[in-house]
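Here is how the chains run, residue by residue.
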Number of protein chains: 2
Amino acid sequence: MNEQTRERLRLAAVELFSRKGFHAVGIRELADHAGIRTATLYNYMSGKEDLLVDIMRSVMDPLGDAAREALGEHADPCEQLVALVEMHVWVHGGRHRSTLVSDTEVRSLGPVARKEMGILRDDYERLWRGVVARGVAAGVFEVDDVAIATTGLLTLATGVAHWYRLDGPVRLAELCALQADLALGLVRARGTSGPVRRADVHVGPPRQVLSPDPAL
Amino acid sequence: MNEQTRERLRLAAVELFSRKGFHAVGIRELADHAGIRTATLYNYMSGKEDLLVDIMRSVMDPLGDAAREALGEHADPCEQLVALVEMHVWVHGGRHRSTLVSDTEVRSLGPVARKEMGILRDDYERLWRGVVARGVAAGVFEVDDVAIATTGLLTLATGVAHWYRLDGPVRLAELCALQADLALGLVRARGTSGPVRRADVHVGPPRQVLSPDPAL
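Residues numbered from 1 in each chain as written. Chains lettered and ligands numbered in written order. Predicted model: local features only at pLDDT ≥ 70, side-chain atom pairs only at ≥ 80, totals over all residues.

(A) Main features of the overall build of chain A. Per the secondary structure count, chain A includes ten helices and two strands. For chain A, the sequential pattern of α-helices and β-strands runs α-α-α-α-α-α-α-α-α-α-β-β. For chain A, the C-alpha radius of gyration of 19 Å lies close to 17 Å, the compact-globule estimate for 216 residues. When burial is assessed residue by residue, chain A has 43% of its 216 residues classed as buried. Of the contacts formed within chain A by residues at least 6 apart in sequence, a portion of 74% connects residues at least 24 apart. (Helix = DSSP H or I, 4+ residues; strand = E, 2+ residues; numbered from the N terminus. Rg over C-alpha atoms; globule rule 2.2 N^0.38 Å. Buried ≥ 20, exposed ≤ 12 C-beta atoms within 10 Å, placed from the backbone. Contact = placed C-beta atoms within 7 Å.)

Pasting the structure below:
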């Protein structure tokens, strides 16, 4: 096995799955796109699903680790929310193809992989929900339903994978700040002097989880 | 041609496309699912894309019409935003399958249909952006970037198709109000006495565009 070949195969899978959808992509097409023979491809995976799971893990594992670290570094709910939103947007805006696949192709997984990915997603969502719940308990956030607000925050931040492009007019770090500001609005974050904006929150630039890459 | 057969075919397409993705569904599978012969199917369409375009139009046309009517009935930006969010959530929560297909399968359209659907979507998004821009101009909303806030609002309201189910614990009308409240938060809607909540906005129950149907 060859690491460069593996990388070409991964890139081909990200490009094809994101453009056409997992089910529309054939094994031969994957091999052609990666510049390898179909028979060689089976040295690197047992089936297409392996590549899909690999893409999903490559997004979810670093996100989960970084989220746990970020929550350890900040105690204030506004700071925690800003940190989570900005790292999530950094990854989804910076790697819109693999995050789009990760976000939309859970339905294409078999039961075993679906269960594994479900656990990763549930753990990650629980971290976000904890921040919202603590903010509400502290009287800093005001939402009627913690679970629905959390789903809304994740939907909002994940959505950038569907429309943001690195070569567009908005820089990625700027997008992170704009989305964090929308998130603070969504939960009606309030300090002693009124509504909290992104600029009021003392969190440095977005945690740069995974380097941005338009091919990924 | 037979209207009942057409309806069975439409239902089969919504169910299969939403569960497996457009490209994963074969013509024979569609015919089997609708209980008709493959040859008969071609009396009703020239190809799979016809069914996809039909599903998209069935969502986008009523939404666009209802949005224009709603904006004609209300002048206040908070009322307009609540009306738009609630009718959008009513449709996306009430018909999660066809809205999911409409939301995720634009990539599967050929150039002609993609252009037609693009125009419908752009027109619809323009209505939303107008509300946000008027709210900002009136000093009622506070957002840094009108386009990004509008995309955020649409992402948030469309997202319910991905997770909300009619047979779950939250009633659809309640979901509409909860999502409208999040939307007012996102744009930091403010009245003379502080932040505006859904309960402060004098708009009746959600406009019931398209009847809810778990099969659609």
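Past the structure itself, the notes keep going.
(B) Region of the structure containing the domain arrangement of chain A. Residues and elements named next belong to chain A. If you check the domain split of chain A, you get domain 1 (1–45) and domain 2 (55–200). On a C-alpha basis, the centroid separation for the pair domain 1 and domain 2 is 30 Å. Taken together, the contact pairs seven residues of domain 1 with seven residues of domain 2. (Domains from an automatic or database assignment.)

(C) Structural context of the packing of helix α7 (residues 111–137) of chain B against helix α8 (residues 146–158) of chain B. All names here are of chain B. One way to put it is that α7 packs onto α8 with a least axis distance of 9 Å and a crossing angle of 125 degrees. Between α7 and α8, the crossing angle belongs to the class labelled oblique. For α7 against α8, the interelement crossing comes out right-handed. For the pair formed by α7 and α8, the contact residues are E125, W128, R129, V132, A133 and V136 on the first element and V146, A147, A149, T150, L153 and L154 on the second. Residue composition of the contact of α7 with α8, by class: nine nonpolar, one polar and two charged. (Axes fitted to C-alpha atoms, helices over the stretch in contact; angles between N-to-C directions. Parallel < 35°, antiparallel > 145°, perpendicular 65-115°, else oblique. Left-handed = near helix turned anticlockwise from the far one by under 90°. Nonpolar A, V, L, I, M, F, W, Y, C, P; charged D, E, K, R; others polar.)

(D) Structural detail: the relation of the copies chain A and chain B. Between chain A and chain B, the superposition needs a rotation of 180 degrees and an axial shift of 0.0 Å, giving an RMSD of 0.0 Å. In the structure described here, the two chain copies are related by an operation that fits a two-fold rotation axis. Looking at the rotation axis and the C-alpha trace of chain A, the residue lying nearest is L186 of chain A, at 2.0 Å. Comparing interface residues between copies, 100% of those in chain A also lie at the interface in chain B; the contact surface is shared. (Least-squares fit on C-alpha atoms with pLDDT ≥ 70 in both.)

(E) Structural view of the interface of chain A and chain B. In this assembly, 25 residues from chain A lie in contact with 25 residues from chain B. Every element with two or more residues in the side of chain A that touches chain B is listed here: α1 (3–20), α8 (146–158) and α10 (172–186) of chain A. In terms of residue count, α8 of chain A provides more of the side of chain A that touches chain B than any other element does, six residues in total. Residue composition of the side of chain A that touches chain B, by class: ten nonpolar, eight polar and seven charged.

(F) A look at unusual backbone geometry. Residue and element names in this part refer to chain A. For R188, which is not glycine, the phi dihedral falls at a positive 50 degrees. If you trace the backbone, R188 turns up in the loop between α10 and β1 (190–191). For R188, a count of 24 C-beta atoms within 10 Å translates into the label buried.

(G) Quick peek at the environment of V143 of chain A. All names here are of chain A. On the secondary structure map, V143 appears in the loop between α7 (111–137) and α8. Since 22 C-beta atoms lie within 10 Å of it, V143 is described here as buried. Considering only alpha carbons, one finds V143 and V132, eleven residues apart in sequence, at a separation of 8.7 Å. Leave out the neighbours within four places in its chain, and V143 touches V132, V136, A149 and V187.

(H) Geometry of the confidence of the model for chain A. A residue-level look at chain A finds 100% of positions with pLDDT of 70 or above and a mean pLDDT of 94. Quick note on the complex model: pTM equals 0.94, ipTM equals 0.92. (pLDDT = per-residue confidence, 0-100.)

(I) How the structure looks around the environment of E79 of chain B. Residue and element names in this part refer to chain B. The residue E79 is located in helix α5 (residues 77–94) in this model. For the pair E79 and L16, spaced 63 residues apart in sequence, the C-alpha to C-alpha distance is 37 Å. Setting aside residues no more than four positions away along its own chain, E79 makes contact with H74, V201, H202 and V203.

(J) Focus on the environment of Y44 of chain A. All names here are of chain A. Summarising the element assignment, Y44 is placed in the loop between α3 (38–41) and α4 (48–73). Looking at Y44, the number of C-beta atoms within 10 Å reads 19, which means it is partly exposed. As a C-alpha pair, Y44 and L9 span 35 residues in sequence and 8.6 Å in three-dimensional space.

(K) Up close: α1 of chain A. Residue and element names in this part refer to chain A. If you check α1, its first and last C-alpha atoms are 26 Å apart, about what 18 residues at 1.5 Å a residue would give, namely 26 Å. If you check which residues of α1 are buried, you get L9, A12, A13, V14, L16, F17 and S18. The elements touched by buried residues of α1 are α2 (27–34), α3, α4 and α6 (96–104). In the segment just after α1, G21 is the residue with positive phi, at about 95 degrees. (Expected span 1.5 Å × (residues − 1).)

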